[in-house]
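Residue-level listing of the chains:
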Amino acid sequence: MDFLERFLKRLGFMVLTMVAMSMLIFFLVEIMPGDVAQTILGQAATEESVAALRESMGLDDPIHVRYLRWAGGFVQGDLGQSIYMRGVEISSIFWRRVGHSMLLAFTAFIFYVPVSILMGILAGVKAGKTADSVISFVGLATMALPEFVSGIILITIFSVYLEIFPIASLIPIGQTIWGNLNILVLPALSITIVMFGYVSRMQRSSMIGVMSSDYIRAATLKGMPRRYVIFRHALKNALLPTITIIGMNMGWLFGGLIVVETLFGFPGLGSLTLSAIKTRDIPLIEACVLFITFIFVFSTFITDMAYAFLNPKIRFKQGEV
Amino acid sequence: MKNKQKTMPVLEINNLNVEYKTLTDRIVAVKDISLKVGRKEALGIIGESGCGKSTLTYAIVDYLPKNGSRSGEVIFMGENLLEKSPKEMESYRGNRIAMVYQNPYSSLNPSLTIGFQLEEVTMFHQKFSRSKAREAAIETLTDLYMGDAAGIIERYPHQISGGMQQRVCIAMALLCKPDLMILDEPTTALDVTTEAVILDIIGELKEKYNMSLIYISHDIGVVNKVADRIAVMYRGEVVETSSQEAIFNDPLHPYTRALISCMPRAGVVKETVRLNTIPGYVTRRSAAETGCPFVPRCDKKRPGCEDRYGFTERKSGHFTACDRAYAEDVPERPVQIKKKEVKLPDNGPAPEHRTILQLDKIYRYFGPPGKRIRAVDGVDLTLDRNSVLGVVGESGCGKSTIGNTVGGLLRPTSGKIIFDGTDISVSWRKRSPETLREIQLIFQNPGRSLNPSFTLEAIIGRPMKKLLGINSGEERKKRIVDILKKVDLGEEYLYRRPRQLSGGEMQRAAVARAFSISPNLLICDEPTSALDASVQASVLNLLVDLQKESGASYIFISHDLNVINYLSDMIMVMYLGRICEYGEKHEVVGSPCHPYTEALLSAVPDVDPSIKKEAIRLEGSPPDPTIKIKGCPFAGRCHRKVGTVCDTTPPPKVDFSETHFSYCHIKPAKIEKKVMQAGEVMRTQEI
Amino acid sequence: MNIFLLQLKKSPRAIIGLSVLLLWVFIAFAGPSMTTRSYTHMDMEYQMAAPGEGGHTLGTDALGRDVLSRIVYGSRSILTIALMTSLFSSIAGIIIGFTAGYFGGLVDTIFLRIMDILMAIPPLVLAMVILGILGNSTILSLTIIVSIAYTPATARVARGALLTCASNEYVDAARIRGESHFYIMFIEILPNTIGPVLVEITARFAYSIMMIASLGFLGVGLQPPTPDWGMMVIENKSIIRTAPWTVLYPSLSIASLVIAISLFSDFISKVMIHEE
């Protein structure tokens, strides 16, 4: 009952955030200097032709009308037309790019989540010992490292010297990404390095917090073996905050994707976003940013539900006996 | 062999030392302790915070922090535990030596069911199957009077009340029928009526399970209820051990003597007794220090005490480390110094000016409608000038809310507060500077009520500037020094910051701040609860002195009936936001008329072990404060419930004298007949 | 302060971090006057020169520009912007977070919701979109936009720090002697949140560097010919095989600076938490 209430509340909030975000993105992009029609037609265009194009694109309508038209189309899957690519339907390229990025994000995810959590737990359990010093140092060092820096270092080692992986993540024409999975490795590792710092440090501190709690003392002094105490008593409680952190950082992961995709020339959503910005392709910018936001909001929602489900304090309502 | 087992002590500690290494120093937490606990014996250990009580227990079960080290011998059933490997210790912990801790809520794993946490104990130690372990768990819970044991093991810890959680923890310790159970302040976090029940149960189970106990507490009264023998610890050392009667009636160590005479207890009231105080405070002991640990605070010390020290048997079974207790070169500090003051006849202010504060149907709710918590649920009261009203009740009864509402931190949801003829039922922002000056608050935790960033000069000077309008720094400084002297802090404290002070000094500084602007009404919200016993007395004395001198009125809020009894003129007993009983001190304590007051009085632990009271067992816990109660809030737990009328109709106000009344359905005649045993005890003890 | 130095002595990591950071600060201040080469000068004889060749200690890029002097000049802008950004976003965060946390109730709820919504867009994406559309980033526009992008995060930290302190009774004591809201927030509470605030500022410093470098890398940071570490990497990425130094040295510069600050910031947080 409580759970359902929470679910509906969060769902409502998610929708609200998306609406608010879409407005913010739309207005932010629209108030920016530059005339779309002028951009399309180029500086040489006559005033009449610009005005005619504005008319046909509906650019002279009041802003809320334009917003509703845009948002309405979005809900129905119509992402609009690209300006730079002269009227190409955005959805015709967009979803393939999204698919690539999802695959990259997923690869990075399965790299960094287990490693960071395991290392974080190890550091937390061995707090103060050598293993902890090493893991903490690595975590600290990589925490605020830009993805392209870790990427460059990886490229230098694995592509320039060892020549194991390609420098650029290009998919040859006529092939799909499935035949070129090796292009995923270095970009995913670059992200892993950065996320490792953040996640492992969080995991370490939550593990230390749990290990110094009264109930771990109680379990130890009940005579439970240490390994059992760690895995059966500490782990679940120590994982809860990390799950939240991982979920909350999905947005950050997508921010990182832009950098990594640019570095490797990976054909994903991030590089699409950047090129949209560079070419001032407003409908494409809107589509990309809104989708990134959606990913973040949605993963926050999922995380929150998972947290509520795993935490008995939320799942089972308090009832005094 | 069998015979030997019987006479052999369960636990024998010989010359145990525990040291901690810090960045700069080596701290001695436990020094040269030798103790014995016999079979079925209950040893109580008392001491103030930081005296090494908990460290001692962790040294026994090998659970010291990484920077701690121990030496000596801990012989448990003939085996030295200090020689056991960590793996071997596992088979002792929870199996033969079990522990119970102060905070039951945090001692239970929030993400595992109670059943799981109970079952694993026997599954590990006794190799029980899960179903057999479950049976054992249910059986033990039933031993602890948990009604629906089978239902409780399906639940998570947060779903049951604090008292129930502690029973679960005790059950967990009992599962393997241990030889020794160590209880570390197990009732400190609980309300006094819950505490009484738990203590009762512990006593019973000790017999039933044939166990030895070590019971640790800062409160002699609590230890008295369970212990056969008592050890007094001070700064890491045991300074005295004996039977509980001898410790109270014939204490030999100056520390024990000082400690006992500084505690408020039954029959000790401000009119007749001034509490003893111990100068200074407990400090950490560095490894280099030798001699008696009490030397810096002892008034009987003589040359040589700093380095000579030895723990010897002075009388049969009575060990102590000092022979100066009856020293005649220093007179015993007087306990009784005052005659009862004659009450002034009513020729003072006219009756309408006699009242300083009046509360008229005060309600204070928290939270949104539907989940509304009724913290204060219709309270009327009047407070006379120059008098002290003690407000007592268990956690969640609304006593602090009353204080904060009068103090202006909270606005009443409805009702009127009349202070000195003006309506002040508004929050602080709408009060006049004059009212703000007249009403001052003293909080529970001085470490939190003094801003750590400022010096005492700034802390005490600010209200003077703000509310008295003294803008001259010189003038302020002069006054601050004056008030600091009054609270026994010298001029040298002027530029100290709170973190450079001990708890007692901080609270005295807080008192100085409150009195620096001559208030007429002082609200003290548990002002001594965070302090050690030896420090509490000096703050209580100070509050009594300043009240006499200034003629201010107090609202003194506390959960501790002994403190309330010591300090108050009038007492108000609260339960779940409502008044149960109100009257003059001797009326409420002497002849309580409300069943809840009666239960409360019966549950109060006593310093004097000769006072044996039958604690009234209150079942269950206070009802959910979000539910609107039609009848009497206490009805669900009342041991003298009249009938369904208690659940359906609000209890009527019953007057017993001009000042004494209660809200109860019991017919006044019946109350008169059954003059309370607990009250009798309190009265007969009056000196 | 003494304790601070004592702790510093015991922490080799912090000493390394602080030394490297101070070294970079020194380079940023004094370096440009010590390098003999202009960062824009194209040495036509030595294009893509390896480190050491032709007196180019760290080599030259494809256009024959001296990598060392570009790094030295680049340190100036990145340190300036990052420092200002961490200060501005912290100050803005303190004002917003304190106001929300202090007044609580509806103000706080609205604040939290707005922050949740703003945080739904990754700071890097937000900064990139705005800067990209504005075009021609300057030190000023970068500082403002990055500060704005980070303010929701700092405001949350400040709000949390305030809430921890505001539950102390000295705040109540100040209230009931009629102090103004401003006095309570900034005179009574602020000094006691200095620990978390300082930790946040130093951590934010590292993240600001990360963000500014990334923006430069994405081509929406400082515009050429101003040397920018991030931009140096992307400009020369295509010649990584033949002239790896052109990308490696700026990358290592960023890494050393970020790691140094992280190490120091970790030390600050340990000292501050230890002191509590």
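Residue indices begin from 1 for each chain and proceed along its sequence in written order. Key to labels: chains lettered from A, ligands numbered from 1, both in the order written. Local features in a predicted model are, by the rule used here, given only for residues with pLDDT of at least 70; side-chain atom pairs are given and counted only at 80 or more, and totals for whole chains, interfaces and linings are based on all residues. For the side-chain quantities, the full set of heavy atoms in the structure was used; hydrogens and water were omitted.

**Student:** Before we go on, may I ask you to explain the overall build of chain B in this structure?
**Tutor:** Helical segments are the DSSP runs of H or I of at least four residues, strand segments are the runs of E of at least two, and each set is numbered from the N terminus. Tallying secondary structure elements over chain B gives 26 helices and 24 strands in all. Dimensions of chain B, computed from the C-alpha atoms along their principal axes, are close to 80 × 65 × 45 Å. Across the 687 residues in chain B, those meeting the buried criterion constitute 58%. Here, residues are in contact when the closest pair of their heavy atoms is within 4.5 Å. Partitioning the contacts of chain B with sequence separation of at least 6, the portion at a separation of at least 24 is 68%. For chain B, the accessible area works out to roughly 28200 Å², and carbon and sulfur atoms hold 50% of it. Residues scored as positive are Lys and Arg, those scored as negative are Asp and Glu, and His as well as the terminal groups of each chain are ignored. Positions of charges follow a simple convention, taking NZ of Lys, CZ of Arg, CG of Asp or CD of Glu. Measuring between centres, the 93 positive side-chain charges of chain B sit 4 Å from its 85 negative side-chain charges. Three exposure classes are used, based on accessible area relative to the maximum for each residue type with a 1.4 Å probe and protein chains only: buried under 20%, partly exposed in between, and exposed over 50%. Reported accessibility uses the Shrake-Rupley method at a 1.4 Å probe radius. Residues are deemed covered only where the shown protein chains occlude them.

**Student:** Can you walk me through the overall build of chain A in this structure?
**Tutor:** For chain A, the helix and strand inventory stands at 14 helices and zero strands. When its helices and strands are written in sequence order, chain A yields α-α-α-α-α-α-α-α-α-α-α-α-α-α. Projected onto the principal axes, the alpha-carbon positions of chain A cover approximately 85 × 60 × 35 Å. Classification of the 321 residues of chain A by burial places 52% in the buried group. The long-range share in chain A, meaning contacts at least 24 apart out of those at least 6 apart in sequence, stands at 72%. As displayed, chain A offers around 14400 Å² of accessible surface, 68% of which is attributable to carbon and sulfur atoms. For chain A, the distance from the average site of its 24 positive side-chain charges to the average site of its 20 negative ones is 20 Å.

**Student:** Would you mind showing me how to read a positive patch on the surface here?
**Tutor:** A surface patch of like charges, here positive, comprises Lys126, Lys129, Arg226 and Arg227 of chain A together with Lys66 of chain B. Its location among the elements puts Lys126 of chain A in the loop between helix H5 (90-125) and helix H6 (130-143). Residue classification places Lys126 of chain A among the partly exposed residues on the basis of a relative accessible area of 37%. For patch building, the residue pool is restricted to those with more than 30% relative accessible area and no salt bridge; the joining distance is 9 Å between like charges and 5 Å between nonpolar side chains (Val, Leu, Ile, Met, Phe, Trp, Tyr). The working definition used for a salt bridge is a side-chain nitrogen of Lys or Arg within 4 Å of a carboxyl oxygen of Asp or Glu.

**Student:** Whenever I open this one, the domain arrangement of chain A confuses me. Can you help?
**Tutor:** By convention, interface size is frequently given as the accessible area that disappears when the constituent parts associate. Residue and element names in this part refer to chain A. Segmentation of the chain into domains, including their bounds, is taken from an automatic or database domain assignment. Looking at chain A, the domain boundaries give domain 1 (3-75) and domain 2 (97-310). Measuring from the centre of the C-alpha atoms in domain 1 to the corresponding centre in domain 2 gives 32 Å. At the junction of the two partners, domain 1 supplies 18 residues and domain 2 supplies 16 residues. The buried area of a pairing is the accessible area, by a 1.4 Å probe, that goes missing from both parts when the two are put together, added over both. Here domain 1 meets domain 2 over a buried area of about 1700 Å², counting both sides, of which 81% is carbon and sulfur. Across the domain 1-domain 2 interface, the total number found is two salt bridges. In this structure, Arg10 engages Asp304 in a salt bridge whose closest nitrogen and oxygen atoms are separated by 3.2 Å. Contacts described as polar in this section are N or O atom pairs within 3.5 Å, which, within protein, must combine one atom able to donate a hydrogen with one able to accept it, while residues neighboring in sequence count only if both atoms come from side chains. Our enumeration of links across domain 1 and domain 2 arrives at three residue pairs in polar contact (both at pLDDT 80 or more). Top element by residues in the side of domain 1 that touches domain 2 is helix H1 (residues 2-30). It accounts for 14 residues. The class makeup of the residues in the side of domain 1 that touches domain 2 is 13 nonpolar, two polar and three charged. Polarity classes work like this: nonpolar for Ala, Val, Leu, Ile, Met, Phe, Trp, Tyr, Cys and Pro, charged for Asp, Glu, Lys and Arg, and polar for all others, with Gly in that last group.

**Student:** How do you make sense of the confidence of the model for chain A when you look at a structure like this?
**Tutor:** Per-residue pLDDT for chain A averages 84, and the proportion of residues at 70 or more is 93%. pLDDT: the predictor's confidence for each residue, scored from 0 to 100. Ranking the elements of chain A by mean pLDDT puts helix H2 (residues 36-41) of chain A last with 67 and helix H9 (residues 214-220) of chain A first with 94.

**Student:** How should the domain arrangement of chain B be read in this particular structure?
**Tutor:** Residues and elements named next belong to chain B. The domain boundaries assigned to chain B delineate domain 1 (1-96 + 210-266 + 280-332), domain 2 (355-571) and domain 3 (577-686). Of note, the centres of domain 1 and domain 2, computed from C-alpha atoms alone, are 37 Å apart. Listed by partner, the interface residues are eleven residues for domain 1 and 13 residues for domain 2. Around 890 Å² of area is buried between domain 1 and domain 2 when both sides are counted, 57% of it from carbon and sulfur atoms. Sorting the residues of domain 1 by area buried against domain 2 places Cys262, Pro264 and Tyr281 first, and these three jointly supply 54% of that buried surface. Between domain 1 and domain 2 we count zero salt bridges in total. Across the domain 1-domain 2 interface, the total number found is three residue pairs in polar contact (both at pLDDT 80 or more). Of the residues belonging to the side of domain 1 that touches domain 2, the class tally is six nonpolar, two polar and three charged.

**Student:** It is not clear to me how the pairing of strand S13 (residues 355-366) of chain B should be interpreted in this structure. Could you clarify?
**Tutor:** The two faces of the sheet receive side chains in turn, since in a regular strand these alternate between them. All names here are of chain B. For two strands to be treated as a pair, DSSP must find no fewer than two bridges joining them. Where S13 meets strand S14 (residues 373-384), nine bridges bridge the pair, whose relative direction is antiparallel. When the sheet's bridge partners are listed, Ile362 is paired in S14 with Val379. The hairpin formed by S13 and S14 contains six residues between the paired strands, and Gly367 there has a positive phi angle of roughly 85°. As defined by bridge partners, S13 adjoins strand S16 (residues 414-419) across five bridges and the pair is classed as antiparallel. Note on S16: the bridge partner recorded for Leu359 is Ile417.

**Student:** Would you mind going over empty space enclosed by the protein with me for this structure?
**Tutor:** Sizing a probe to match a water molecule and rolling it over the atoms shows the empty space that remains. Cavity and pocket criteria rest on a 1 Å grid covering protein atoms alone: a 1.4 Å probe that fits but cannot get out defines a cavity, protein on both sides within 12 Å along at least 5 of 7 lines defines an open pocket, and an atom within 4 Å of a point defines a lining residue. Grid points are joined across faces, edges and corners, and a volume is the space filled by probe spheres set on the points. A complete count under the given rule lists eight cavities of 30 Å³ or more for this structure. Volume-wise, the largest cavity comes out at about 110 Å³. Lining the largest cavity are Ala218, Leu221 and Lys222 of chain A together with Gly94, Met99, Val100, Tyr101, Ser107, Cys169, Met172 and Ala173 of chain B. Among the secondary structure elements, those contributing two or more residues to the lining of the largest cavity are strand S6 (97-100) and helix H8 (162-174) of chain B. Here the lining of the largest cavity takes three residues from H8 of chain B, the largest share from any one element. Along the lines of polarity and charge, the residues of the lining of the largest cavity split into eight nonpolar, two polar and one charged. When its volume is computed, the second largest cavity comes out at roughly 90 Å³. What lines the second largest cavity is simply Gln440, Leu441, Pro463, Leu467, Arg513 and Ile517 of chain B together with Ala173, Ile176 and Arg177 of chain C.

**Student:** Please explain the interface of chain B and chain C as it appears in this structure.
**Tutor:** Counting from both sides, the interface comprises 23 residues of chain B and, opposite them, 19 residues of chain C. Across the interface of chain B and chain C, roughly 2000 Å² is buried in total on both sides, 59% from carbon and sulfur atoms. One can count three salt bridges joining chain B with chain C. For Lys466 of chain B, the salt bridge identified is with Glu179 of chain C, shortest N-O distance 3.9 Å. For the pair chain B and chain C, the number of links is nine residue pairs in polar contact (both at pLDDT 80 or more). Counting only elements with at least two residues in the side of chain B that touches chain C, the list comes to helix H16 (446-449) and helix H17 (456-468) of chain B.

**Student:** Please explain the pairing of strand S9 (residues 229-234) of chain B as it appears in this structure.
**Tutor:** Residue and element names in this part refer to chain B. Taking burial as the measure, the six residues of S9 include six buried ones, the bulk of the element. Burial of S9 is two-sided: the residues Arg229, Ala231 and Met233 facing one way and the residues Ile230, Val232 and Tyr234 facing the other way are all buried. With four bridges connecting them, strand S3 (residues 42-46) and S9 associate as parallel partners. Within the sheet, the bridge partner assigned to Gly44 lies in S9 and is Ile230. The turn joining S9 and strand S10 (residues 237-243), which pair antiparallel and follow one another in sequence, is formed by two residues; a positive phi near 45° is taken by Arg235.

**Student:** Is there a simple way to explain unusual backbone geometry in this structure?
**Tutor:** In terms of backbone geometry, most residues other than glycine have negative phi values and most peptide bonds are trans. All names here are of chain B. Positioned with a positive phi, Met77 is a non-glycine residue whose angle comes to about 50°. If you trace the backbone, Met77 turns up in the loop between strand S4 (68-76) and strand S5 (79-80). Of note, the phi angle at Ser518 is positive, near 40°, even though the residue is not glycine. Structurally, the position occupied by Ser518 is in the loop between helix H19 (503-515) and strand S19 (521-525). Accessibility expressed as a relative area gives 46% for Ser518, which makes it partly exposed.

**Student:** Help me out: how do you make sense of the confidence of the model for chain B in this one?
**Tutor:** Parts of the model with low pLDDT should not have their predicted coordinates read in detail. Per-residue pLDDT for chain B averages 86, and the proportion of residues at 70 or more is 92%. Residue range residues 675-687 of chain B is modelled with pLDDT below 50. Its contacts to residues more than four positions away, or to other chains, number 30 contacts.

**Student:** So what exactly am I meant to see when it comes to the environment of Pro622 of chain B here?
**Tutor:** All names here are of chain B. Within the secondary structure layout, Pro622 lies in the loop between helix H23 (595-603) and helix H24 (645-648). Separated by 566 residues in sequence, Pro622 and Leu56 have C-alpha atoms that sit 36 Å apart. If we skip the residues at most four places from it in the chain, Pro622 touches Tyr575, Leu576 and Arg637.

**Student:** Before we go on, may I ask you to explain the packing of helix H12 (residues 269-278) of chain A against helix H5 (residues 123-134) of chain C in this structure?
**Tutor:** For any two helices packed against each other, one specifies the crossing angle of their axes together with the interaxial distance. Put simply, H12 of chain A and H5 of chain C touch, their axes get as near as 8 Å, and they point 25° apart. The orientation of H12 of chain A with respect to H5 of chain C, classified from their angle, is roughly parallel. Residue-level contacts link Thr273, Leu274 and Ile277 of chain A of H12 of chain A to Met128, Val129, Gly132 and Ile133 of chain C of H5 of chain C. Among the residues making up the contact of H12 of chain A with H5 of chain C, the classes are represented as five nonpolar, two polar and no charged. Inter-axis angles, ranging from 0 to 180 degrees, are taken between N-to-C directions of lines fitted to C-alpha atoms, where helices are fitted over the stretch in contact. Should an angle fall under 35 degrees it is taken as roughly parallel, and over 145 as roughly antiparallel, whereas 65 to 115 is taken as roughly perpendicular and any remaining angle as oblique.

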